[in-house]
Amino acid sequence: MLHPEYNAAIEYFWNIENRGHLMRNAGPILTVVAGIFVLWYLGAIALNAGWAWDKAERAGVTLSASELVADTWSQKKPKLPAPHQVGAEIWKTTGAMVAKGRSFSKRSLFYHSWVTFSSTILGFLLGTGLGIALAVGIVYNRTMDMSVMPWVIASQTIPILAIAPMIIVVLNAVGISGLLPKAIISMYLSFFPVVVGMVKGLRSPSQMQLDQMRTWNAGPAQLFWRLRLPSSMPYLFTSLKIAMAASLVGAIVGELPTGAVAGLGARLLGGSYYGQTIQIWSALIMAATLAATLVGIIGLIQRMTLKRMGMS
Amino acid sequence: MFWLSLALATWAIGWIINVRLSRRPKTRLTGLLIPVIFGLTLIAIWECVVHGLDISKVLLPAPSLIAATFAKSTHILWQDFVQTVLKGALSGYIIGCGSAFLMAIAVDRFPFLRQGLLPVGNFVAALPIIGMAPILVMWFGFDWQSKAAVVVVMVFFPMLVNTVQGLQDTDTMQRDLMRTYAAGYWKTLLKLRLPAAMPFIFNGLKIGTTLALIGAIVAEFFGSPIKGMGFRISTSVGQLAMDLVWAEIVVAAIVGSSFYGAVALLEKTMTFWHPSQRGRT
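Because the structure is a prediction, the values reported are computed rather than measured.

A. Local environment of the overall build of chain B. From N to C terminus, chain B includes 11 helices and 0 strands. When the helices and strands of chain B are placed in sequence order, the string is α-α-α-α-α-α-α-α-α-α-α. In terms of overall size, chain B is more extended than a compact globule, its C-alpha atoms giving a radius of gyration of 24 Å where 281 residues would be expected to give roughly 19 Å. Reported as C-alpha extents along the three principal axes, the dimensions of chain B are approximately 80 × 55 × 30 Å. A burial count over chain B gives 44% of its 281 residues as buried. A separation of at least 24 residues holds for 76% of the contacts in chain B among residues at least 6 apart in sequence.

Here you go:
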């Protein structure tokens with residue numbers, strides 16, 4: 001999911017230039033979204049009907065079509081919960097909790113989102129820092145470019161998520177626990193897009209611009225701060241969005257082996273142990289919302305920064 | 001102390017060789033040699049540091065131990081490979097990419113649907129889809145079918161988005177030319193638009209390779225029969241048999257790199273005519 005080619009896919013949606021495009025496409029987009037909801041409700045009927053018939057047979061009643069539909073949309077442990085059930089569960093564990101003044105109790109999704117969010121952000125910051133440092137090294141040192149860059153790319157063909165359990169257990173054994181192990185997995189996932197994007201960005205000034213700086217007698221430091229770094233900004237923000245999405249995935253998977261204590265990943269695992277499908281879906285929707293919000297915030301910062309720099 | 005100084009010496013020698021090599025004009029040989037030397041240096045340092053600091057093999061086994069375990073347990077590794085990669089990842093990859101491709105061609109005929117689906121598909125591609133794993137394991141049972149289903153869901157959207165975008169990659173002039181040749185929809189699709197979409201399609205396929213492996217392995221954390229790479233990793237971690245875990249990681253790394261490499265090679269042979277491939281050696 002973290003290949004340079006992925007830029008195109010994610011960037012499209014969050015790109016500033018596409019905002020107008022999105023507005024124009026509001027009709028088609030809404031149609032597609034509505035279509036997804038219709039499919040979802042129909043799927044709920046199809047998947048949950050078996051259990052509904054089972055229940056009816058044991059109770060010795062026959063179900064009319066409308067009764068069947070009503071039952072499939074309101075089961076306690078459905079195979080596929082209907083959207084309104086998921087919505088109700090999310091409200092019960094977020095809005096209703098806030099109303100009761102217990103917005104950070106262990107049953108609140110805000111609490112779990114917060115846990116996931118904090119390790120996502122920590123991992124994201126670490127990954128961004130590492131990524132930028134590596135990129136600067138690669139751009140300024142030819143040896144590093146030739147020896148490190150191939151490994152940076154190869155490192156991402158390894159399914160790092162697969163060794164998440166080991167990282168957690170090993171770091172726990174060394175005495176590092178809590179936020180940091182999860183953040184390290186996030187870091188590993190998020191540094192790659194930053195390296196690739198920043199290397200591209202730092203190399204983006206043209207020969208003409210570099211020559212111009214030289215005629216102004218600019219030193220290496222000035223060349224970096226005044227030309228290379230500013231011109232890498234658009235590339236940086238693009239990679240930051242991908243890094244953020246990747247970082248969230250890392251945090252969620254990192255929570256799985258900790259024994260389902262806290263976090264959205266733990267909610268997923270707990271839900272799958274006890275067959276609480278509604279809980280799984282609500283955690284999933286919450287994760288999606290979190291991803292969309294975080295990436296959206298970066299998009300906002302990007303727009304403001306680039307505007308102030310006169311680049312958009 | 002001896003091991004640590006050996007580690008330092010290895011690092012120094014490796015670095016010096018690489019600095020020397022990178023000063024020379026770049027050829028294919030140096031382009032290949034430098035990263036290999038860098039990798040070997042890292043492994044040597046790892047080995048030395050593990051011995052030098054006397055790190056418990058529960059925490060970080062030495063590369064030599066991992067290699068020994070790898071050689072000793074090839075039958076387990078092979079069994080897990082068949083279960084996870086061949087049955088889970090590969091079948092899911094083929095089904096997912098194939099259905100996304102067909103769907104893209106179907107969607108392409110209706111501009112209204114395409115305009116709506118592209119942004120939604122992009123949005124979904126950015127979401128943590130791996131979270132669907134527990135649900136799909138519930139629906140399709142513990143065996144490889146559920147892993148294949150996770151892989152299908154994960155590769156579907158990147159593939160769909162890329163193919164739809166690729167099918168747009170012809171300009172009016174080219175399509176008009178096809179019309180003057182009296183080519184119908186299918187002829188145009190086959191002779192012009194699909195070839196033009198190839199680089200995009202291969203992008204989707206390449207992104208899918210890593211996603212497929214990740215999906216198949218992580219899905220096994222949510223329940224699996226008593227074989228499979230994800231299962232082996234999570235249980236071996238529980239038994240603190242880190243050498244076996246690392247052996248599985250080596251398998252995963254080899255599989256991941258060669259899967260990606262195979263698709264990249266296929267791309268190179270099939271789209272050698274495209275500007276993005278020209279001039280590459």
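B. Summary view of the overall build of chain A. Of the regular secondary structure elements, chain A holds 14 helices and 0 strands. Across the 312 residues in chain A, those meeting the buried criterion constitute 41%. For chain A, long-range pairs separated by at least 24 residues make up 75% of all intrachain contacts whose partners lie at least 6 apart in sequence.

C. Examining the nonpolar core more closely. With 132 residues, the main nonpolar core has Ala162(A), Val150(B), Val151(B), Val155(B) and Val218(B) as its most contacted residues. Tallying contributions element by element places helix H7 (residues 144-167) of chain B first for this core, with 16 residues. Among residues more than four places away in sequence, those in contact with Ala162(A) are Ile214(B), Ile217(B), Val218(B), Met229(B), Gly230(B), Ile233(B) and Ala252(B).

D. Local environment of the confidence of the model for chain A. A residue-level look at chain A finds 88% of positions with pLDDT of 70 or above and a mean pLDDT of 79. With pLDDT under 50 throughout, residues 1-7 of chain A is counted as low confidence; its partners more than four residues away or in other chains account for 23 contacts.

E. A look at the interface of chain B and chain A. In this complex, chain B contributes 57 residues to the contact, which on the side of chain A involves 55 residues. Elements with a contribution of two residues or more to the side of chain B that touches chain A: helix H1 (2-23), helix H2 (28-52), helix H5 (111-125), helix H6 (133-140), H7, helix H9 (185-219), helix H10 (229-238) and helix H11 (242-270) of chain B. Per-class residue counts for the side of chain B that touches chain A are 41 nonpolar, 15 polar and 1 charged.

F. Region of the structure containing the domain arrangement of chain A. Domain assignment breaks chain A into domain 1 (6-81) and domain 2 (109-308). Here domain 1 of chain A and domain 2 of chain A have C-alpha centroids that lie 32 Å from each other.

G. Helix H8 (residues 142-155) of chain A, seen in detail. Under the 1.5 Å per step criterion, the end-to-end length of H8(A) is 20 Å for 14 residues, consistent within 8% with the ideal 20 Å. Helix geometry: H8(A) is bent most strongly at Val148(A), by close to 35°, with proline Pro150(A) lying one to four residues after it. Within the span of H8(A), buried status applies to Thr143(A), Met146(A), Ser147(A) and Val148(A). On its buried face, H8(A) is in contact with helix H7 (109-140) of chain A together with H1 and H2 of chain B.

H. How the structure looks around the environment of Leu256(A). Inspection of the secondary structure puts Leu256(A) in the loop between helix H12 (220-255) and helix H13 (264-274). For Leu256(A) and Ser190(A), which are 66 residues apart along the polypeptide, the C-alpha to C-alpha distance reads 19 Å. Discounting chain neighbours no more than four positions away, the residues touching Leu256(A) are Gly265(A), Leu269(A) and Phe221(B).

I. View of the packing of H12(A) against helix H14 (residues 277-308) of chain A. All names here are of chain A. Two numbers describe how H12 lies on H14: the axes approach to 10 Å, and their chain directions differ by 165°. When the axes of H12 and H14 are compared, the pair comes out roughly antiparallel. Crossing geometry of H12 relative to H14 is assigned as right-handed. Every residue of H14 that contacts H12 at Met233, Pro234, Phe237, Leu240, Lys241, Met244, Ala245, Leu248 and Ile252 is listed here: Ala287, Leu290, Ala291, Leu294, Val295, Ile298, Gly299, Gln302, Thr305 and Leu306. Across the contact of H12 with H14, the residue classes tally to 15 nonpolar, 3 polar and 1 charged.

J. Main features of unusual backbone geometry. Phi at Asn217(A) is positive, roughly 65°, even though this residue is not glycine. Looking at where Asn217(A) falls in the secondary structure, it is placed in the loop between helix H11 (207-215) and H12.

K. Structural context of the domain arrangement of chain B. Along its sequence, chain B is carved into domain 1 (2-55) and domain 2 (70-270). Inter-centroid distance (C-alpha atoms) of domain 1 of chain B to domain 2 of chain B is 35 Å.

L. Spotlight on the environment of Leu205(B). Residue and element names in this part refer to chain B. Mapped onto the elements of the fold, Leu205 is located in helix H9. Its 22 C-beta neighbours within 10 Å are what place Leu205 among the buried residues. Residues Leu205 and Leu117, spaced 88 residues apart in sequence, show a C-alpha to C-alpha distance of 19 Å. When residues no more than four places from it in sequence are discounted, the contact partners of Leu205 are Cys97 and Val263.

M. Just the confidence of the model for chain B, in detail. Mean pLDDT over chain B: 83, with 98% of residues reaching 70 or higher. The complex model carries a pTM of 0.78, and its ipTM stands at 0.70.

N. The packing of helix H3 (residues 26-59) of chain A against helix H4 (residues 65-72) of chain A, seen in detail. Residue and element names in this part refer to chain A. Packing of H3 against H4 leaves a shortest axis separation of 8 Å and a crossing angle of 100°. Taken together, the axes of H3 and H4 are roughly perpendicular relative to one another. Of the residues in H4, those in contact with Ala44, Ile45, Asn48, Ala49 and Ala52 of H3 are Leu68, Val69, Asp71 and Thr72. Of the residues that constitute the contact of H3 with H4, the class distribution is 6 nonpolar, 2 polar and 1 charged.

O. Up close: H13(A). Residues and elements named next belong to chain A. By the criterion of burial, H13 is predominantly enclosed, with 8 of the 11 residues buried. Looking at H13, one finds that the buried residues are Leu264, Gly265, Ala266, Arg267, Leu268, Leu269, Gly271 and Ser272. With its phi angle positive at about 65°, Gly275 sits one or two positions after the end of H13.

Rules of the game
- Residues numbered from 1 in each chain as written.
- Chains lettered and ligands numbered in written order.
- Predicted model: local features only at pLDDT ≥ 70, side-chain atom pairs only at ≥ 80, totals over all residues.
- Helix = DSSP H or I, 4+ residues; strand = E, 2+ residues; numbered from the N terminus.
- Rg over C-alpha atoms; globule rule 2.2 N^0.38 Å.
- Buried ≥ 20, exposed ≤ 12 C-beta atoms within 10 Å, placed from the backbone.
- Contact = placed C-beta atoms within 7 Å.
- Core = buried A, V, L, I, M, F, W, Y, C linked by C-beta atoms within 7 Å.
- pLDDT = per-residue confidence, 0-100.
- Nonpolar A, V, L, I, M, F, W, Y, C, P; charged D, E, K, R; others polar.
- Domains from an automatic or database assignment.
- Expected span 1.5 Å × (residues − 1).
- Bend = angle between axes of the 7 residues up to and from the residue.
- Axes fitted to C-alpha atoms, helices over the stretch in contact; angles between N-to-C directions.
- Parallel < 35°, antiparallel > 145°, perpendicular 65-115°, else oblique.
- Left-handed = near helix turned anticlockwise from the far one by under 90°.

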